[in-house]
Amino acid sequence: MMRSRKRGLMILCFRPTMGRTKGSCSLAANFGQSHTPGIMKVLGVFTALQVAVLANPAPVVGDDDTIFPRQQSNKPGPQSPGVCAPKFSWETEVLTDSILAGLATTYGKKTADLFGFGKGKLLKKGECKVFPGEALWPSQQIWNIFNTTTGGALIKTVPLAAPCHNNWPQVYDNATCQAITQNWSDPHLHIEDPSSTMWPIFQGRTCLTTNDPNTPCTLGGYAAYSVAIRTVKQIQLAVNFARLSNLRLVVKNTGHDFADKSIGAGALSIWTHKLNDIQFFPSYSCGPGPSSYSGPAFKLGAGVVTEEIYQAAENHGVSVVGGECHTVGIAGGYIAGGGHSPLSSLAGMGADQVLSLEVVLPSGEFVTASADSNPDLYWALRGGGGSTYGVVTSVVIRAYPKIPVTTMTFSFVTSPENNITADIFWAGIRSFFSYFDRFTSAGAYAYWLIVPITPPPSDQFFFQFMPFWANNMTLSQTRALVAPFLAELTALGIPFSPPIFTEYTSYFQAYNGSFPPLEQVGTPVGHAASRLFPRENFLNPSKLNATLAATRYTTSQGGVLIGYTIRSAPPSPSDPVSTKLQNNAINPAWRKTLGFFILSSPQTPPNASDETIANNAKILTTDWMEKWRDVSPGAGSYMSEGDINEPEFQDSFYGKENYKRLLRLKKGLDPTGLFWTPTGVGSEGWEVEGQREWYRTQNGRLCRVS
């Protein structure tokens, strides 16, 4: 029988996170809910930091060609057949004509055809994906047959918070409800659920944890069913069934995307999180041709998350480009969105590391995408958006030598007692901004926070590094790099807490020492937006002043600013393969960026009405973010941590020329629009019914509008 999720008592334990604070994948959205308690946590975190020197001196850092200790094996490989990464065992279990013939024998041809490779229906304007309760919705008998064909992998959705609601008597349980409530902000809770989302604001807030069991709970924007994927065949069956039955189809790995692209009312969900195999190749080679990289590499299943690949890289004595948040799925939306990293200033974006991918297309066909096989698809899957061109089952990424890292943390704050006014505070921020090019050119990265600490319009602010991150630098080198900036703060009369420098022997050790394992998600009202500020905004004095004024305005109005000092490292002459790997669909704005800023929406109470959420979303998009867009014309935003209401998202998230090419590819691969996500390529042709302006959820039928 198909499974229905029954909630058992769940107790999760966490190790202390003293000296560290939340990641951007949670911080901006949660501050948008109510940031006063968050400020106290951030202020308390800094005072708890302690000095620790953990490593031996690192190699001397040089220019772009010598920042990484290059190895001969990182250059193009010999023009010989080479050995490519073999498919995982579960990737060899595919849907075949003989399997379909067996289904026809057992269930009849008409039923078997629902799971075959036939063409789906091309909907006309005004027509919708079939919805539960409608006449064309598959019968329970068909769902049972589908479950059997997948080997019992079908799961009928029971909302994660259902044990808190007595209108779900089959799972209602107070003890389970309390355990879920206690851990609601932990991303692992939502990742391990086939249908839950980290941002219930876009689910429609129809089933939240509560102390009142009489509060009704409905599916809202959750999928109707999920398939717990263990083989490629299961993905093919799900894709074919959705295409031929006119079902809405969504793909869930971890569900980190700010716009909740992995949910959808009435949908069939492909849940890939359990595809977490990792294979290391010390001397990978897969040539000849333009993809002829030779060197260390990993093959990752679609479900592998940041903390898993970082641990694997540490075990094998190498470094890999990955996310900041522990639970981001590397082969999912991370690479599909482009993927920024603490290593980006040295090695480029996450999508720049990809050597090949395995993917199930909207037709159900299972193919390899690389520079030599389906090159247009290979281009699109690296930065052109997730859940759009197919379902990625695995990816091969390059690895780099193990490097040391030195980090630095400190903070400063406005202080009437010390005559540190808002003007002086922002003069200190201007000084910091002016060093973005110096820091990133040296391969460094910084993750930082600016919080208003009084109600808007605020004239009291707090700044903190979380941390400043110096790749491949010793303590003395890092001190030398930041010394001019610290001297300017001193000259401005800004007293800052003593900088705490920490040396680490590896990227992995620095990561574990700097970023918390306990991220926070689950806010029902949080919403955020982002902007990619180009290099010229920090080098041109007038543009620097305009950028400073825009960021000051938005934080004074109550916005919490999460900032990254970061660049997408250009290709290196000593590493010719990097030039070829950067030929991908990443938003071109990333190639010019030195500052990636995320901004929370105005403070919103947890029980806010839909009208309040919509009004605050409108302020974020049309007032606060408009100020940022005005001072960075022609720049863009990061789609995975962007505003669902982003104006002209086609240009902002993808770049105009990229979008044209991606849309042509999308229409060719997916003519019926099987894969749809908000702000995804081609999404403007569809609409979720019943939505309020500025507050768009996934709770409604998906219908074609053009």
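Please read these numbers as outputs of a predicted model, since none were measured by experiment.

Visitor: Would you mind going over the overall build of the protein with me for this structure?
Guide: Secondary structure summary: the protein contains 22 helices and 23 strands in total. Within the protein, the proportion of its 706 residues that are buried is 63%. Residue pairs at least 24 apart in sequence account for 78% of intrachain contacts in the protein once pairs closer than 6 positions are excluded. Carbon and sulfur atoms provide 55% of the accessible area of the protein, an area that totals close to 24600 Å².

Visitor: What exactly am I supposed to notice about the pairing of strand 11 (residues 366-370) here?
Guide: Summarising burial for strand 11: 4 of the 5 residues are buried, a large majority. Turn length for the strand 10 (residues 354-360)-strand 11 hairpin, with the two strands adjacent in sequence and antiparallel, is 5 residues, and the turn residue Gly364 shows positive phi of about 95 degrees.

Visitor: How should I be thinking about the packing of helix 18 (residues 541-556) against helix 20 (residues 610-630) in this particular structure?
Guide: One can describe the packing of helix 18 onto helix 20 by two numbers: an axis separation of 8 Å at closest approach and a directional angle of 165 degrees. Viewed along their axes, helix 18 and helix 20 adopt a mutual orientation that is roughly antiparallel. The two elements helix 18 and helix 20 meet at a crossing, and its hand is left-handed. Where helix 18 abuts helix 20, its residues Ala550, Thr551, Tyr553 and Thr554 lie against Asp623, Trp624, Lys627 and Trp628. Residues of the contact of helix 18 with helix 20, tallied by class, amount to 4 nonpolar, 2 polar and 2 charged.

Visitor: Explain the state of the cysteines to me, please; I cannot follow it from the model alone.
Guide: Each disulfide consists of one covalent bond between the sulfur atoms belonging to two cysteines. Applying the stated criterion across every chain, the model contains 4 disulfides. Two residues share a disulfide in this structure: Cys164 and Cys177, whose sulfurs sit 2.0 Å from each other. Where Cys164 bonds to Cys177 through sulfur, the torsion about that S-S bond is close to 100 degrees, and the disulfide is right-handed. Note that Cys164 is positioned in the loop between strand 3 (154-156) and helix 6 (174-182) and Cys177 in helix 6, a separation of 13 residues in sequence. Here the two residues Cys164 and Cys177 agree in accessibility, since each one is buried. Between Cys207 and Cys217 runs a disulfide, and the two sulfur atoms are separated by 2.0 Å. Judged by the sign of its S-S torsion, about -90 degrees, the bond between Cys207 and Cys217 is left-handed. You can see Cys207 sitting in the loop between helix 7 (187-191) and strand 4 (225-228) and its partner Cys217 sitting in the loop between helix 7 and strand 4, a full 10 residues away along the chain. An identical accessibility class is assigned to Cys207 and Cys217; each is buried.

Visitor: Looking at this model, I keep getting lost on the environment of Ala528. Mind explaining?
Guide: In this fold, Ala528 is placed in strand 19 (residues 528-534). Using a relative accessible area of 4% as the deciding quantity, one classes Ala528 as buried. Residues Ala528 and Leu561, spaced 33 residues apart in sequence, show a C-alpha to C-alpha distance of 9.8 Å.

Visitor: Is there a simple way to explain the pattern of salt bridges in this structure?
Guide: Once the charged atoms of two side chains with opposite charge are near each other, the side chains can pair. Taken as a whole and judged by the stated rule, the model has 20 salt bridges. One salt bridge connects Glu127 with Lys121, and the closest N-O pair in it is separated by 3.8 Å. Among the charged side chains, a network of salt bridges with common partners joins Glu134, Glu689 and Arg701.

Visitor: What is the right way to read helix 10 (residues 330-337) from this model?
Guide: Along helix 10, 7 of the 8 residues are buried, which leaves the element largely enclosed by surrounding structure. Considered for burial, the residues of helix 10 that qualify are Ile330, Ala331, Gly332, Tyr334, Ile335, Ala336 and Gly337. Those residues of helix 10 that are buried lie in contact with strand 8 (294-301), helix 9 (306-315), strand 10, helix 12 (375-381) and strand 12 (391-398). Two residues or fewer after helix 10 comes Gly338, characterised by a positive phi angle close to 120 degrees.

Visitor: Help me understand the sheet that holds strand 12 in this model?
Guide: Overall, antiparallel pairing links the 5 strands, which are arranged 7-8-12-10-11 in an open sheet. Each edge of the sheet is formed by a strand with only one pairing partner; in this case those strands are strand 7 (278-285) and strand 11. Neighbouring strand axes in the sheet, compared pairwise and without regard to direction, differ in orientation by 20 degrees on average. As paired elements, strand 10 and strand 11 share 5 bridges and run antiparallel to each other. Among the inter-strand pairings, Ser356 is bridged to a residue of strand 11, identified as Ser370. Of the strands in this sheet, strand 7 and strand 8 are in contact with helix 9, which crosses strand 8 at around 145 degrees. Sitting on the sheet, helix 10 is in contact with strand 8, strand 10 and strand 12, with an inclination near 75 degrees to strand 12.

Analysis parameters
Residues numbered from 1 in each chain as written. Predicted model: local features only at pLDDT ≥ 70, side-chain atom pairs only at ≥ 80, totals over all residues. Heavy atoms only, no water. Helix = DSSP H or I, 4+ residues; strand = E, 2+ residues; numbered from the N terminus. Buried < 20%, exposed > 50% of the residue type's maximum accessible area, 1.4 Å probe, protein only. Contact = heavy atoms within 4.5 Å. Areas by Shrake-Rupley, 256 points an atom, 1.4 Å probe, with all protein chains shown as cover. Pairing = 2+ DSSP bridges. Axes fitted to C-alpha atoms, helices over the stretch in contact; angles between N-to-C directions. Parallel < 35°, antiparallel > 145°, perpendicular 65-115°, else oblique. Left-handed = near helix turned anticlockwise from the far one by under 90°. Nonpolar A, V, L, I, M, F, W, Y, C, P; charged D, E, K, R; others polar. Disulfide = S-S within 2.5 Å. Salt bridge = Lys/Arg side-chain N within 4 Å of Asp/Glu carboxyl O.

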